[in-house]
Amino acid sequence: MSHQPTGPRLVSRRRLLTGAAAVAATGALAGAFSAPSSASAAGNGHGLTIVDRNENGGRLQYFRFATNEIEWDPAVNVLLPDGYHTSRKRYPVLYLLHGGAADFRTFHMQDNIINLTAGREIIVVMPDASTGWYSNPVNTNTGPRNWENFHMNQLVPWIDSNFRTFSEYNGRAVAGFSMGGFGALKYTAKYFGHFCSVSSHSGPASLRRDFGLVVHWANATSAALDLGGGTVYGAPLWDEARVSADNPVQRIESYRNKRIFLVAGTSPDPINWFDLANETQVLAGQREFRSLLGRAGIPHEWREVPGGHYFRHELFIQDLNGRRGRLRRAG
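As the structure is a prediction and not an experimental result, all values here were calculated from the model. (Residues numbered from 1 in each chain as written. Predicted model: local features only at pLDDT ≥ 70, side-chain atom pairs only at ≥ 80, totals over all residues. Heavy atoms only, no water.)

Caption draft 1: Local environment of empty space enclosed by the protein. Tallying each qualifying case throughout the model produces two cavities of 30 Å³ or more. A volume near 40 Å³ is recorded for the second largest cavity. Around the second largest cavity, the lining residues are Tyr95, Leu97, Pro127, His151, Met152, Leu155, Val156, Tyr187 and Phe195. Only strand 4 (93-97) and helix 5 (147-162) provide two or more residues apiece to the lining of the second largest cavity. Among the elements that take part in the lining of the second largest cavity, helix 5 stands out by supplying four residues, more than any other. Classifying every residue of the lining of the second largest cavity gives eight nonpolar, one polar and no charged. (1 Å grid on protein atoms, 1.4 Å probe; cavity = no way out; pocket = protein on both sides within 12 Å on 5 of 7 lines; lining within 4 Å. Points joined across faces, edges and corners; volume = space filled by probe spheres on them. Helix = DSSP H or I, 4+ residues; strand = E, 2+ residues; numbered from the N terminus. Nonpolar A, V, L, I, M, F, W, Y, C, P; charged D, E, K, R; others polar.)

Caption draft 2: Local environment of the pattern of salt bridges. With the rule as written, the count across this model stands at 22 salt bridges. As a salt-bridge pair, Arg53 and Glu55 come within 2.4 Å of each other at their nearest N and O atoms. Under the relative-accessibility criterion, Glu55 is labelled partly exposed at 26%. Residue Asp160 pairs with Arg172 through a salt bridge whose shortest N-O separation is 2.8 Å. (Salt bridge = Lys/Arg side-chain N within 4 Å of Asp/Glu carboxyl O. Buried < 20%, exposed > 50% of the residue type's maximum accessible area, 1.4 Å probe, protein only.)

Caption draft 3: Quick peek at the side chain of Arg120. Within the element layout of this structure, Arg120 appears in the loop between helix 4 (113-116) and strand 5 (123-127). Within the local environment of Arg120, its side chain forms a polar contact with the side chain of Asn321, the two groups lying 2.9 Å apart. (Polar contact = N/O pair within 3.5 Å; in protein donor to acceptor, adjacent residues only side chain to side chain.)

Caption draft 4: Structural context of a nonpolar patch on the surface. There is a patch of nonpolar side chains on the surface, built from Trp217, Trp273 and Phe274 and spanning about 350 Å² of accessible area. Here Trp273 lies in helix 9 (residues 273-295). Trp273 gets classed as exposed once you look at its relative accessible area, which sits at 61%. (Patch = residues over 30% accessible without salt bridge, like charges linked within 9 Å, V, L, I, M, F, W, Y side chains within 5 Å. Areas by Shrake-Rupley, 256 points an atom, 1.4 Å probe, with all protein chains shown as cover.)

Caption draft 5: Here's a closer look at the nonpolar core. The biggest cluster of nonpolar side chains holds 57 residues, and the ones touching the most others in it are Phe63, Phe65, Ile123, Trp158, Phe163 and Phe289. The element that contributes the greatest number of residues to this core is helix 5, accounting for seven residues. Apart from residues lying up to four places away in sequence, Phe65 is in contact with Leu48, Thr49, Ile50, Val51, Asp73, Pro74, Val76, Phe150, Leu155 and Trp158. One finds Leu96, Ile113, Leu116 and Val124 within the second-largest nonpolar core, a separate group that totals 19 residues. (Core = buried A, V, L, I, M, F, W, Y, C linked by side-chain atoms within 4.5 Å. Contact = heavy atoms within 4.5 Å.)

Limitation: the analysis is restricted to geometry and does not speak to function.
Here it is, written out as structure tokens:
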């Protein structure tokens, strides 16, 4: 999927792509939309102003916001559990973070998240993140791109204000694929009281290994796809304090008393440089991370499986099943 366009024209362009009629026309959401619900409509707050929406009586709800933290108007899909509109229950929340060069639609348009979560009493929140590495960048040439502020200071409290959630540590989990897997690990460590469970599906866990290869990759991809030549961590000199604060292997104690689930592929395609470079680094970094967790006596689950850099549905299902034992149950 292509990167996000910049500037004010983005909103009208993306509305054409993501409005209710256009999304339903893809056929990807059969059964997800139904008659409008009589439930209270979501409102503005926490620095977010809704500029486009599709609220309905089905499972998938769409919102787009104006926010001072992002130059263009980012969006979020909120996938509700079956029966949400007719129950009075509160539900745990999973924040599901996409990879680079993707957007908030990826998990339902490519990964069939609606069917993968059918029958499960959990709210799934899937926000935009561009290729911003779930960070507030050191510098940007495209206006504000403070993805970390948008997600953690605005979106999380907005979700709790507008949906029947458990707004507490044991009521939230975070997971992601690739760049999103890194984001999940980062947010869990930096915001210790927010998430009781973290899952990284082919996400890097070590920023400094191999001469900082992941930092260089984050800088290069964010410069090309999000920041107009700016960088997440600074170049040629890094903001060393920021790298250390974001680096999972330097934040080991911050994962104590949390459920941790890690996935990496062991046999990326040797003739596909993208697959090979990504998953080789993911595997090495996760092994380093796991070793440090083990030395610290911090329990964790992990899967090393054949294949390269892609989101594995069967392991996501295993992850969902394991997460049930850690999150507060709906009720």
